[in-house]
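# Commentary on secondary and tertiary structure
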Amino acid sequence: CIKRIRNVSQKEENIRCLTLLGHFGFECLPYQLVNRSIQQGFSFNVLCVGETGIGKSTLIDTLFNINFKEHKSSHFYSNVGLRVQTYKLQESNVQLKLTVAETVGYGDQVNKEASYQPIVDYLDAQFEAYLQEELKIKRSYFEYHDSRIHVCLYFISPTGHSLKSLDLLTMKKIDRKVNIVPLIAKADTVSKNDLQKFKSNIMSELAGNGIQIYQFPEDEEPTAQMTSLKEHLPFAVVGSMDEVKVGKRMVRGRQYPWGVLQVENENHCDFVRLRDMLLCTNMEDLKEQTHTQHYERYRCHRLQKMGFTDVGPDNQPISFQEIYEAKRQELYEQCQREEEQLKQKFMQRVKEKETEFKEAEKELQDKFEHLKKVQQEETMKLEEERKQLEAEIIDFYKMKAASESLQAQTCTNTKKDKERKK
Ligand SMILES: Nc1nc2c(ncn2[C@@H]2O[C@H](COP(=O)(O)OP(=O)(O)OP(=O)(O)O)[C@@H](O)[C@H]2O)c(=O)[nH]1
């Protein structure tokens, strides 16, 4: 801080008026923040949601004026996915850790109903990771890479008509989780008149469906810049890394047979407005909104789900220890209840099995008795038959003996007759 003070005396009123020639006292506080931020570096996490080939990568390249690695996506993915890349950038002495998450295969499936789910899951996963870090005993915020998404650039197809149902559905699902900035992609394909109508259609559709997009911070006296930014929503953007000659200058733009569209000309598209908003004026606000609104909502919901609360049933403040004890008791009781239920279930099963076994035993016994009876009857029948056969054999032998004696008698008589005749 410079501590030189100019002393000017005002003769007329005889009051000394001091004019500060440099920064003095706590006026210097912001400079400490600036120095610390420069030392630590900045981080910014962007999510790009839009159909395949809508110009997501080109716009990110144009925003940061760097040709990031090219990854062309196919139109044939069966599910929507996310491609996440982190880059370390430097501009003069300012370092920026930039994370870009881009949708892959968005809008390519026949059934688009669940297309938003991977995006919602990704946003929640980043919040969850931060919450887990926050809940750790030993936290390391300095090394921790905070990957919570600060802004979602939503690329709307330049149809010139209205939003698609997929756009409305996805934005509705994520608007409480991330700052949405809607963009009309490839705005050079829509005429200037159609563009204005298209913009107002989109804004009224968003409002009509209760979709909350990023709100520019409202000062008591809104600056002309903020008002004009709002008027330009959704930003009609054009991306290009090509250098085109316009007069004697080389500018970034897209060359057409009928002329050149200059990306950085505010009369041609809203690219500069978007870049200024993201990088120069609103980055810190986007980060703050992410932390204080979206993350806070997630954290509150998660902690409530875990059973934490700020006030007890009697609406009196409740301490962490009390919640812990109550939760422990509740879990203990639940365990007891479940154990009792399991015991009862087990007893019931045992009883059921016992009855089943008894029935099976009785069935077997009955079967055995029946077989025994059948066998006895069979034995008796056989015995009867045996007796009958024995009687028949005796009769047979009797008859045989009688027949033999008769035969012998006949032979003797014949012999006697023959002898008599002689
Ligand atoms: N007319 C016009 N073409 C553009 C614009 N931005 C990008 N393109 C072209 O559109 C094509 C696809 O651009 P990408 O940036 O790869 O699109 P993407 O959405 O990242 O594609 P995927 O990552 O494959 O989903 C390229 O040929 C770009 O040159 C634009 O603003 N206007």
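Treat the numbers as computed from the prediction; the structure is a model and nothing was measured.

With that out of the way, let us pick up the overall build of the protein. A tally of regular secondary structure across the protein gives nine helices and eleven strands. Computed over its C-alpha atoms, the radius of gyration of the protein comes to 48 Å, more than 25% above the 22 Å expected for a compact globule of 422 residues. C-alpha atoms of the protein, sized along the principal axes, occupy 205 × 70 × 40 Å. With 422 residues in all, the protein has 30% of them scored as buried. Across the protein, contacts joining residues at least 24 apart in sequence account for 65% of those joining residues at least 6 apart.

Attention shifts here to the site of the ligand. Taken together, 19 residues sit near the ligand, with Lys56, Ser57, Thr58, Asp188 and Gly239 positioned nearest. Threonine 58 places a polar side-chain atom, nitrogen or oxygen, 2.4 Å from an oxygen atom of the ligand. Here an oxygen atom of the ligand and a backbone polar atom of glycine 239 are 2.9 Å apart. Protein chains bury 81% of the 640 Å² of accessible surface belonging to the ligand in isolation. Among the elements of the structure, helix 2 (56-64) and strand 10 (249-256) are those that each provide at least two residues to the shell around the ligand. Top contributing element to the shell around the ligand by residue count: helix 2, with three residues. When its residues are assigned to classes, the shell around the ligand shows three nonpolar, eight polar and eight charged.

Attention now moves to the layout of surface pockets. Here the largest pocket is characterised by a volume of approximately 1100 Å³. Lining the largest pocket are 27 residues, and of these Gln40, Gly41, Phe42, Ser43 and Lys287 sit closest to its centre. Secondary-structure elements contributing two or more residues to the lining of the largest pocket are helix 1 (29-40), strand 3 (42-49), strand 4 (81-91), strand 5 (94-104) and helix 8 (283-306). With six residues, helix 8 is the single largest residue contributor to the lining of the largest pocket. Considering only residue class, the lining of the largest pocket consists of eight nonpolar, ten polar and nine charged.

Within the structure shown, the criterion is met by ten aromatic pairs. With a centroid separation of 5.4 Å and 35° between ring planes, the pair formed by phenylalanine 127 and tyrosine 298 is classed as tilted. Separated by 171 residues along the polypeptide, phenylalanine 127 in helix 3 (residues 117-135) and tyrosine 298 in helix 8 bring together distant segments of the chain. Using a relative accessible area of 12% as the deciding quantity, one classes tyrosine 298 as buried. Stacked on the ring of tyrosine 130, the Lys or Arg arginine 148 has its end atom at 3.5 Å from the ring centre. For arginine 148, the ring lying beneath its charged end belongs to tyrosine 295, and the centroid distance is 4.8 Å.

Our focus in this paragraph is the sheet that holds strand 7 (residues 180-184). Overall, mixed pairing links the six strands, which are arranged 4-5-3-6-7-8 in an open sheet. The sheet terminates laterally at strand 4 and strand 8 (235-236), the two strands that pair on one side only. Two elements, strand 3 and strand 6 (residues 151-156), share four bridges in a ladder whose sense is parallel. Directly across from valine 49, in strand 6, lies its bridge partner tyrosine 154.

Counting residues in hydrophobic clusters, the biggest one holds 68 residues, and the most contacted among them are Leu98, Leu153, Phe235 and Leu274. Excluding residues within four positions of it along the chain, phenylalanine 235 makes contact with Val181, Pro182, Leu183, Ile184, Phe216, Leu229, Asp270, Arg273, Leu274 and Met277. Within the second largest apolar cluster, six residues are counted, among which are Phe127, Tyr130, Leu131 and Tyr295.

This part is about the packing of helix 3 against helix 8. Interhelical geometry of helix 3 versus helix 8 gives an angle of 70° and a closest axis separation of 10 Å. Considering their axes alone, helix 3 and helix 8 lie roughly perpendicular with respect to each other. From helix 3, Asp124, Phe127, Glu128, Tyr130, Leu131, Gln132, Glu134 and Leu135 reach across to helix 8, where they touch Thr290, His291, His294, Tyr295, Tyr298, Arg299, Arg302 and Met306. In terms of residue class, the contact of helix 3 with helix 8 is built from seven nonpolar, four polar and five charged.

Let us look at the pattern of salt bridges. A full pass over the atoms with the stated rule returns 23 salt bridges. In this structure, glutamate 352 and arginine 349 form a salt bridge, with 3.5 Å as the shortest nitrogen-oxygen distance. One end of the pair, glutamate 352, and the other, arginine 349, are both in helix 9 (residues 320-421), three residues apart, so they sit about a helical turn from each other. Between lysine 353 and glutamate 356 there is a salt bridge, and its shortest N-O distance comes to 3.3 Å. Of this pair, lysine 353 and glutamate 356 both sit in helix 9, separated by three residues, roughly a single helical turn. Connected through salt bridges with shared partners, the residues Lys199, Glu266, Asp270 and Arg273 form a single ionic network.

Let us now look at unusual backbone geometry. Residue leucine 233 is joined to proline 234 through a cis peptide bond whose omega torsion reads -15°. Checked against the element boundaries, proline 234 lands in the loop between helix 6 (224-231) and strand 8. Located in the positive-phi region is lysine 186, a residue other than glycine, with phi close to 45°. Inspection of the secondary structure assignment puts lysine 186 in the loop between strand 7 and helix 5 (192-208).

Rules behind the numbers
Residues numbered from 1 in each chain as written. Predicted model: local features only at pLDDT ≥ 70, side-chain atom pairs only at ≥ 80, totals over all residues. Heavy atoms only, no water. Helix = DSSP H or I, 4+ residues; strand = E, 2+ residues; numbered from the N terminus. Rg over C-alpha atoms; globule rule 2.2 N^0.38 Å. Buried < 20%, exposed > 50% of the residue type's maximum accessible area, 1.4 Å probe, protein only. Contact = heavy atoms within 4.5 Å. Near = heavy atom within 4 Å. Polar contact = N/O pair within 3.5 Å; in protein donor to acceptor, adjacent residues only side chain to side chain. Areas by Shrake-Rupley, 256 points an atom, 1.4 Å probe, with all protein chains shown as cover. Nonpolar A, V, L, I, M, F, W, Y, C, P; charged D, E, K, R; others polar. 1 Å grid on protein atoms, 1.4 Å probe; cavity = no way out; pocket = protein on both sides within 12 Å on 5 of 7 lines; lining within 4 Å. Points joined across faces, edges and corners; volume = space filled by probe spheres on them. Phe/Tyr/Trp six-rings, centres within 6.5 Å; stacked < 30°, edge-to-face > 60°. Lys NZ or Arg CZ within 6 Å of the ring centre and 35° of its normal. Pairing = 2+ DSSP bridges. Core = buried A, V, L, I, M, F, W, Y, C linked by side-chain atoms within 4.5 Å. Axes fitted to C-alpha atoms, helices over the stretch in contact; angles between N-to-C directions. Parallel < 35°, antiparallel > 145°, perpendicular 65-115°, else oblique. Salt bridge = Lys/Arg side-chain N within 4 Å of Asp/Glu carboxyl O.

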